[in-house]
Amino acid sequence: MAAGAGATGATGYADILRAPHAARLLTGTLVGRLPNATGPIAIVLLVRAGGGSYSLAGALAAVYGVANAVGQPLLGRAVDLYGQPRVQLPAAVVSALGAVLLVAAGTGSPLLAYAAVAVSGLFTPPLEGGLRALWPNVLGSEERVHRAYAMDAVAQEVMFTVGPLLVTLLVALWSPAAALLVINAIGVLGALSVVLSEPSRGWRSAPREAHWLGALRSPGLLALLGAFLFVGIALGSITVAGVAYADDHGRDSVYGWLMAALGLGALVGGTVYGARQWTGAPERRLRGIVALLALGYLPLTLTPGVVAMTALAAVAGIFLAPAIACAFIVVDRHAPRGTVTEAFSWLVTTFGVGAALGTAAAGPAVEIGGTSASFAVAGAGGIAALLVLLATQRVLAAPGGPSDATIRTENDRSGAAEPGFSSGHQA
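The text that follows walks through the structure, step by step, so that each part is easy to find. (Residues numbered from 1 in each chain as written. Predicted model: local features only at pLDDT ≥ 70, side-chain atom pairs only at ≥ 80, totals over all residues. Heavy atoms only, no water.)

### Overview of the overall build of the chain
- Along the chain, the regular secondary structure elements total 18 helices and two strands.
- Per-residue burial over the chain gives 56% buried out of 427 residues.
- Relative to all contacts within the chain whose residues are 6 or more apart in sequence, the contacts with residues 24 or more apart total 83%. (Helix = DSSP H or I, 4+ residues; strand = E, 2+ residues; numbered from the N terminus. Buried < 20%, exposed > 50% of the residue type's maximum accessible area, 1.4 Å probe, protein only. Contact = heavy atoms within 4.5 Å.)

Written as structure tokens, this is what we have:
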């Protein structure tokens, strides 16, 4: 994972944020993603406050994750076909209405609660994929776009650091129900800010080959998604395991601090990663980062005291943002032309499916083997992700289609990006 010289992370990020519309797009996307970042946490707390079991809390969070996973690529494909404003904002509103229905249903009617979280997850707008589709047109050069990917991952971890604290604060001031409603209202405002911006209104995807598989016809993308399914399992299991750990120590605030520590670790790791201009194949670099990520999850099974556990959580998060930022580049290299939003949305989907499986597995793990067993699910997920990347390294080593030099970026129909910068390959 050699690194070349380049601007420092702070200087490079400042350069990106000075670009027209960049700060607004990043901020609006982060705010719009708040429900997705904190939804599982809020759902678990809502169910527990209503007297529901860990299994019910994990199952509802899992349904939310699965519905999100199904909706992201479908909505991403719709964005590629019809543009961002016609898809993102209506989806955000419907998703928020699903949260309202969940609060109204409570745990007294499980069937209605499952339907509510399914609606909320299914219509979560694909703001992540949409932002990454906009970066080339906004920033122009490949180096700045890759740095923006790192900045995006860092900013995402800020959200994952602040989000749990915001939820716990809202719960302390009002209730879990109020927390869920507030974060969804904020999410709608974020989506509104994005779709009213000039880049979002003007963006159009490149013409795409008619194929029912869409972005999934890329073998390299499939290999990457297979690996990040297990990263999602690791992250999803920690959502439930952290609640169990907090219950063991008799303080709800412990959960917020653990989740914030994970986000803070990722923030530090992403900042360091984005401070350098990396050379060499990103696929090879990704294997090394995921190996370190897996090693970071394993000590969580020790479940020491609160201070030590918080420190371990911070260490466990260090390599998450670098892994995500590097994965963005790999998606960019392997996505078929005309499928950019859909391809990035599939990465979000993979996380959603993995997180759903992780939350579903961690709930019974707590009840059968205790808190330590639920954290073991995270360690196993990290190891499995590394094994998938090792098993598919030949597929990932050769992006399909012609060379970068022969393709003009599909995100930049007006020609603003530098020549030779590609965002997706023809398959």
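There's more to say after this.
### Quick notes on the packing of helix α4 (residues 54-82) against helix α6 (residues 110-122)
- The contact between α4 and α6 brings their axes to 6 Å, and the two run at 35°. Where α4 crosses over α6, the two elements pack in a sense that is right-handed. On the side of α4, the interface is formed by Leu56, Ala59, Leu60, Val63, Tyr64, Ala67, Asn68, Val70, Gly71 and Leu75, while α6 contributes Ala113, Tyr114, Val117, Ala118, Ser120, Gly121 and Leu122.
- Here the residues of the contact of α4 with α6 sort into 13 nonpolar, four polar and no charged. (Axes fitted to C-alpha atoms, helices over the stretch in contact; angles between N-to-C directions. Left-handed = near helix turned anticlockwise from the far one by under 90°. Nonpolar A, V, L, I, M, F, W, Y, C, P; charged D, E, K, R; others polar.)

### Digging into the side chain of Thr239
- With respect to the secondary-structure elements, Thr239 resides in helix α11 (residues 219-248).
- According to the relative accessible area criterion, Thr239 is buried, its value standing at 11%.
- In this structure, Thr239 is in contact with Pro40, Ile41, Tyr255 and Thr359, ignoring residues within four places of it in sequence.

### Describing the packing of helix α5 (residues 85-105) against helix α9 (residues 176-195)
- Here α5 crosses α9 at 175°, and the two axes come no closer than 9 Å. The pairing of α5 with α9 is recorded here as roughly antiparallel in orientation. Across the interface between the two elements, Pro85, Gln88, Leu89, Ala92, Val93, Ser95, Ala96, Ala99, Val100, Leu102 and Val103 of α5 pack against Ala177, Leu180, Leu181, Asn184, Val188, Ala191, Leu192 and Val195 of α9.
- Class assignment of the residues belonging to the contact of α5 with α9 gives a composition of 16 nonpolar, three polar and no charged. (Parallel < 35°, antiparallel > 145°, perpendicular 65-115°, else oblique.)

### Describing the nonpolar core
- Grouped together as the largest cluster of nonpolar side chains are 110 residues, with contacts concentrated most on Trp135, Phe228 and Tyr297.
- The element that contributes the greatest number of residues to this core is α11, accounting for 13 residues.
- Apart from the residues within four sequence positions on either side, Tyr297 is in contact with Ala234, Leu235, Ile238, Ala316, Leu320, Ala378, Gly379 and Gly382. (Core = buried A, V, L, I, M, F, W, Y, C linked by side-chain atoms within 4.5 Å.)

### Quick notes on the pattern of salt bridges
- Across all of its chains, the model carries eight salt bridges by this definition.
- The shortest N-O distance in the salt bridge between Asp15 and Arg144 comes to 3.1 Å. You can see Asp15 sitting in helix α1 (residues 9-18) and its partner Arg144 sitting in helix α8 (residues 142-173), a full 129 residues away along the chain.
- Ionic pairing is found between Arg132 and Asp152, a salt bridge with its closest N-O pair at 2.9 Å. With a gap of 20 residues between them, Arg132 in helix α7 (residues 127-139) and Asp152 in helix α8 connect regions that are remote in the sequence.
- Through salt bridges that share partners, Arg33, Glu128, Arg132 and Asp152 make up one connected network. (Salt bridge = Lys/Arg side-chain N within 4 Å of Asp/Glu carboxyl O.)

### Observations regarding the environment of Arg144
- Residue classification places Arg144 among the partly exposed positions, given a relative accessible area of 24%.
- Filtering out sequence-adjacent residues up to four positions away, Arg144 remains in contact with Asp15, Ile16, Ala19 and Leu139.
- At 2.8 Å, the side chain of Arg144 forms a polar contact with the backbone oxygen of Leu139. (Polar contact = N/O pair within 3.5 Å; in protein donor to acceptor, adjacent residues only side chain to side chain.)

### A short note on the packing of aromatic side chains
- For the structure shown, the criterion picks out four aromatic pairs.
- Judged by centre distance (5.3 Å) and plane angle (20°), the ring pair of Tyr273 and Trp278 falls under stacked.
- Overall, Tyr273 belongs to the buried group, its relative accessible area being 7%.
- Take Trp278: its relative accessible area is 25%, and that puts it in the partly exposed class.
- The interplanar angle of 85° and the centroid separation of 6.3 Å between the aromatic rings of Phe328 and Phe344 together place this pair among those described as edge-to-face. Placement of Phe328 in helix α15 (residues 320-334) and of Phe344 in helix α16 (residues 340-369) is noted, with a sequence separation of 16 residues between them. Just as Phe328 is buried, Phe344 falls in that class too.
- Connected via pairs of aromatic rings, a cluster forms that spans Tyr149, Phe328 and Phe344. (Phe/Tyr/Trp six-rings, centres within 6.5 Å; stacked < 30°, edge-to-face > 60°.)

### Re the environment of Ser345
- Counting through the fold element by element, Ser345 comes out in helix α16.
- On the basis of relative accessibility, which here comes to 0%, the residue Ser345 falls in the buried class.
- Sequence-wise, Ser345 and Ala215 are 130 residues apart; in three dimensions their C-alpha atoms are separated by 9.8 Å.
- The contact partners of Ser345, leaving out residues within four places of it in the chain, are Gln72, Pro73, Gly76, Pro126 and Gly129.

### Some thoughts on unusual backbone geometry
- Despite not being glycine, His21 has its phi angle at roughly 75°, a positive value.
- Following the sequence through the fold, His21 ends up in the loop between α1 and α2 (22-32).
- Here His21 falls in the partly exposed class, since its relative accessible area comes to 34%.
- In this structure, Thr303 is a non-glycine residue whose phi angle is positive, near 40°.

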